[in-house]
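Here is how the chains run, residue by residue.
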Amino acid sequence: MAATTTENEYVTLESSDGFQFIIHREAAMLSGTVRNMLSSAGQFTESTEGVIHFRDIKAVILEKVCKYWYYKARHLNSVTEIPHFEIEPEYVLETLMAADFLDT
């Protein structure tokens, strides 16, 4: 059965500890890695299912990454000063590693 427009509007991201984040596909596509997974017809099951499993990214980190994608989308073409994106010190290293992997 073909996916409806509404189903294609969102993508589900699943963390290593089983939490699911349903976000707008447009926000997720700000990640080069996710864009490749969702755009490569037939090469990745993620492109047909709309679900991406991250075995090495915990929920607390994946939540930060999702929030960053929305932050980035909101300020992408901003001509005013962009506010700082806050990350708690205890999550900085893991968030940086996830962002590197996700090409964000």
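Note that the structure is a prediction, hence the values are computed from the model and not measured.

Novice: I tried to follow the overall build of the chain on my own but got confused; where do I start?
Specialist: Tallying secondary structure elements over the chain gives 6 helices and 3 strands in all. Along the chain, helices (α) and strands (β) appear in the sequence α-β-β-α-α-α-β-α-α when read from the amino end. For 104 residues, the compact-globule estimate of 2.2 N^0.38 gives 13 Å, and the C-alpha radius of gyration of the chain, at 14 Å, lies within 12% of that figure. Residues counted as buried form 35% of the 104 residues belonging to the chain. Of all intrachain contacts in the chain linking residues separated by at least 6 positions in sequence, the fraction that spans at least 24 positions is 58%. When the accessible area of the chain is evaluated, it comes to approximately 7100 Å², of which 54% is carbon and sulfur surface.

Novice: Can you walk me through the side chain of Glu14 in this structure?
Specialist: Within the secondary structure layout, Glu14 lies in strand S1 (residues 10–14). Within the buried core, Glu14 has no salt-bridge partner, and the shortest N-O distance to an opposite charge, that of Arg55, equals 11 Å. Within the local environment of Glu14, its side chain forms a polar contact with the side chain of Gln20, the two groups lying 3.1 Å apart. Residues in contact with Glu14, not counting those within four places in the same chain, are Phe19, Gln20, Ile52, His53, Phe54 and Leu62.

Novice: Looking at this structure, I do not really get the confidence of the model for the chain. What am I missing?
Specialist: Low pLDDT marks stretches whose predicted atomic positions should not be read closely. Overall, the predicted model of the chain reaches an average pLDDT of 89, with 91% of residues at or above 70. A low-confidence stretch, residues 1–5 stays under pLDDT 50, and its non-local contacts, those more than four residues away or across chains, total 1 contact.

Novice: Got a minute to help me understand the pairing of S1 in this structure?
Specialist: With respect to burial, S1 is a largely interior element, 4 of its 5 residues being buried. Taken together, the 5 bridges between S1 and strand S2 (residues 20–24) define a ladder with antiparallel strand orientation. Its bridge partner lying in S2, Thr12 is registered against Ile22. Hairpin geometry of S1 and S2 is characterised by an intervening segment of 5 residues between the two adjacent antiparallel strands and by a positive phi of about 90° at Gly18. Note: S1 against strand S3 (residues 51–53), 3 bridges, orientation parallel. Bridging from a neighbouring strand, Thr12 pairs with Val51 of S3.

Novice: Please explain the packing of aromatic side chains as it appears in this structure.
Specialist: Each pair of aromatic rings is reported with the distance of its centres and the angle of its planes. Taken as a whole and judged by the stated rule, the model has 3 aromatic pairs. Each ring, one from Tyr68 and one from Phe85, has its centre 5.3 Å from the other, and the planes form 80°; the classification is edge-to-face. One end of the pair, Tyr68, is in helix H5 (residues 59–75); the other, Phe85, is in the loop between H5 and helix H6 (92–101), with 17 residues separating them in the sequence. Classification of Tyr68 by relative accessible area gives partly exposed; the value is 27%. Both rings, one in Tyr71 and one in Phe85, keep their centres 5.1 Å apart while their planes meet at 50°; by these two values the pair is tilted. Within this pair, whereas Tyr71 is found in helix H5, its partner Phe85 is found in the loop between H5 and H6, the two being separated by 14 residues in sequence. Assessed through its relative accessible area of 18%, Tyr71 is described here as buried. When its relative accessible area of 24% is taken as the criterion, Phe85 is described as partly exposed. Through pairs of rings, three or more aromatic residues link up here, namely Tyr68, Tyr71 and Phe85.

Rules and cut-offs
Residues numbered from 1 in each chain as written. Predicted model: local features only at pLDDT ≥ 70, side-chain atom pairs only at ≥ 80, totals over all residues. Heavy atoms only, no water. Helix = DSSP H or I, 4+ residues; strand = E, 2+ residues; numbered from the N terminus. Rg over C-alpha atoms; globule rule 2.2 N^0.38 Å. Buried < 20%, exposed > 50% of the residue type's maximum accessible area, 1.4 Å probe, protein only. Contact = heavy atoms within 4.5 Å. Areas by Shrake-Rupley, 256 points an atom, 1.4 Å probe, with all protein chains shown as cover. Lys, Arg positive; Asp, Glu negative; His and termini not counted. Salt bridge = Lys/Arg side-chain N within 4 Å of Asp/Glu carboxyl O. Polar contact = N/O pair within 3.5 Å; in protein donor to acceptor, adjacent residues only side chain to side chain. pLDDT = per-residue confidence, 0-100. Pairing = 2+ DSSP bridges. Phe/Tyr/Trp six-rings, centres within 6.5 Å; stacked < 30°, edge-to-face > 60°.

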